[in-house]
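Structure at a glance
Okay, here's what each chain looks like letter by letter:
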Amino acid sequence: MLPALQTLRGRLIATTGLLVLLSLLLLAGYNAWAGRGATLATLSDDARAISRAHADGVAEWLHTRRAIVEALVPAVREADPVPRLLQAADAGGFDTTYFGFPDKRFVPSKVQEMPAGYDPTGRPWYKQAEASQKTELTEPYVDASTNKLVITLARAIRDGGKTVAVVAGDVFMDGVARNVASIRPTPSSFGFIVSREIANVGAVYLQPYWVGNVNIFEPIIDADDNAILLGLGGRFQIGRAHV
């Protein structure tokens, strides 16, 4: 034992010193914890605001294209609706706009190489629109002519309650990916798109991967559950657009 600790006075001084040191360590730990919490809260608020702004932008983007598709409804009775379809495709940034008819006729805004025996009435966009009274947005699916992932805005046109045609417009998901890739709340974070029915379906449609230091977004379907939980289970909330 040190000589200084052999006296009562020395022991009291040592004990007091240790208590002061312990108090300082506890205070430093608390300040670090409180600072981390404040930093995370700030990042959470910033990420929430950014995601909400992007979600609002997506909602407005969809609202505009939905209106363009609905404006095509009267063109179904024209002898040649292709000029109107072309105009709508250009105005809305669609890859293609088109009409599908119950007799399996298909009238697109541009010539497409469709598979033999193509039946528009069997496609997801036609079925979903026919079952609805409003303009529908499909889940991503594989386009019949390009085999690329696509989403479609579609609306059934009725006469006396009977469907006479479905008008629709396609947007490729790789175009959407470029917009999603710009969502970077922090340098190491990224945005992604999940199905609105995530709790039941569990599908991520846009997810990043890295080649060297380059962050690339790729449209995918049926991503693994771990990626979904990683995105949804963190501190940051995800902005949502009701579409």
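Before reading further, recall that the structure is shown in the block above.
The paragraphs below set out a description of the structure included in this document. (Residues numbered from 1 in each chain as written. Predicted model: local features only at pLDDT ≥ 70, side-chain atom pairs only at ≥ 80, totals over all residues. Heavy atoms only, no water.)

Within the largest apolar cluster, 23 residues are counted, with the highest numbers of intra-cluster contacts made by Val-76, Phe-94, Phe-99, Phe-101, Ile-157 and Val-167. When contributions to this core are tallied by element, the ones reaching two or more residues are α1 (8–71), α2 (82–92), β5 (149–159), β6 (162–172) and α4 (173–180). Ranked by residues supplied to this core, first place goes to β5 with four residues. In this structure, Phe-101 is in contact with Val-76, Val-107, Pro-120, Thr-121, Tyr-126, Val-164 and Ala-165, ignoring residues within four places of it in sequence. Grouped together as the second largest cluster of nonpolar side chains are 13 residues, Trp-125, Ala-154, Ala-156 and Phe-172 included. (Core = buried A, V, L, I, M, F, W, Y, C linked by side-chain atoms within 4.5 Å. Buried < 20%, exposed > 50% of the residue type's maximum accessible area, 1.4 Å probe, protein only. Helix = DSSP H or I, 4+ residues; strand = E, 2+ residues; numbered from the N terminus. Contact = heavy atoms within 4.5 Å.)

On to the packing of aromatic side chains, then. Inspection of the entire model under this criterion finds six aromatic pairs. Ring geometry for Trp-125 versus Tyr-126: centroids 5.8 Å apart, planes at 65°, classification edge-to-face. There is no split in this pair, since Trp-125 and Tyr-126 are both buried. An aromatic cluster of three or more residues is present, and its members are Tyr-98, Phe-106, Tyr-118, Trp-125 and Tyr-126. The side chain of Arg-105 reaches across the aromatic face of Phe-101, ending 4.0 Å from its centre. Looking at Lys-148, its charged tip hangs above the ring of Phe-172, at a distance of 4.4 Å from the centre. (Phe/Tyr/Trp six-rings, centres within 6.5 Å; stacked < 30°, edge-to-face > 60°. Lys NZ or Arg CZ within 6 Å of the ring centre and 35° of its normal.)

Turning to empty space enclosed by the protein, a few remarks are in order. All told, the structure shown has one cavity of 30 Å³ or more when counted by the stated rule. Size it by volume and the largest cavity reaches roughly 80 Å³. Around the largest cavity sit Tyr-98, Phe-106, Gln-112, Met-114, Tyr-118, Arg-123, Trp-125, Tyr-141, Asp-143, Ala-144, Ser-145 and Asp-170, which together line it. The residue makeup of the lining of the largest cavity, split by class, is seven nonpolar, two polar and three charged. (1 Å grid on protein atoms, 1.4 Å probe; cavity = no way out; pocket = protein on both sides within 12 Å on 5 of 7 lines; lining within 4 Å. Points joined across faces, edges and corners; volume = space filled by probe spheres on them. Nonpolar A, V, L, I, M, F, W, Y, C, P; charged D, E, K, R; others polar.)

It is worth spelling out the pairing of strand β1 (residues 96–100) at this point. When you tally the buried positions in β1, you get five out of five residues, the bulk of the element. Of the two faces of β1, the one lined by Thr-96, Tyr-98 and Gly-100 and the one lined by Thr-97 and Phe-99 are each fully buried. Bridge analysis of β1 against β6 gives five bridges, and the strand direction is antiparallel. For Phe-99, the partnering residue across the bridge sits in β6 and is Val-167. Where β1 and strand β2 (residues 106–108) come together, three bridges link them in antiparallel fashion. Paired with Gly-100 across the two strands is Phe-106, which belongs to β2. Adjacent in sequence and paired antiparallel, β1 and β2 are bridged by five residues, among which Lys-104 carries a positive phi angle near 80°. (Pairing = 2+ DSSP bridges.)

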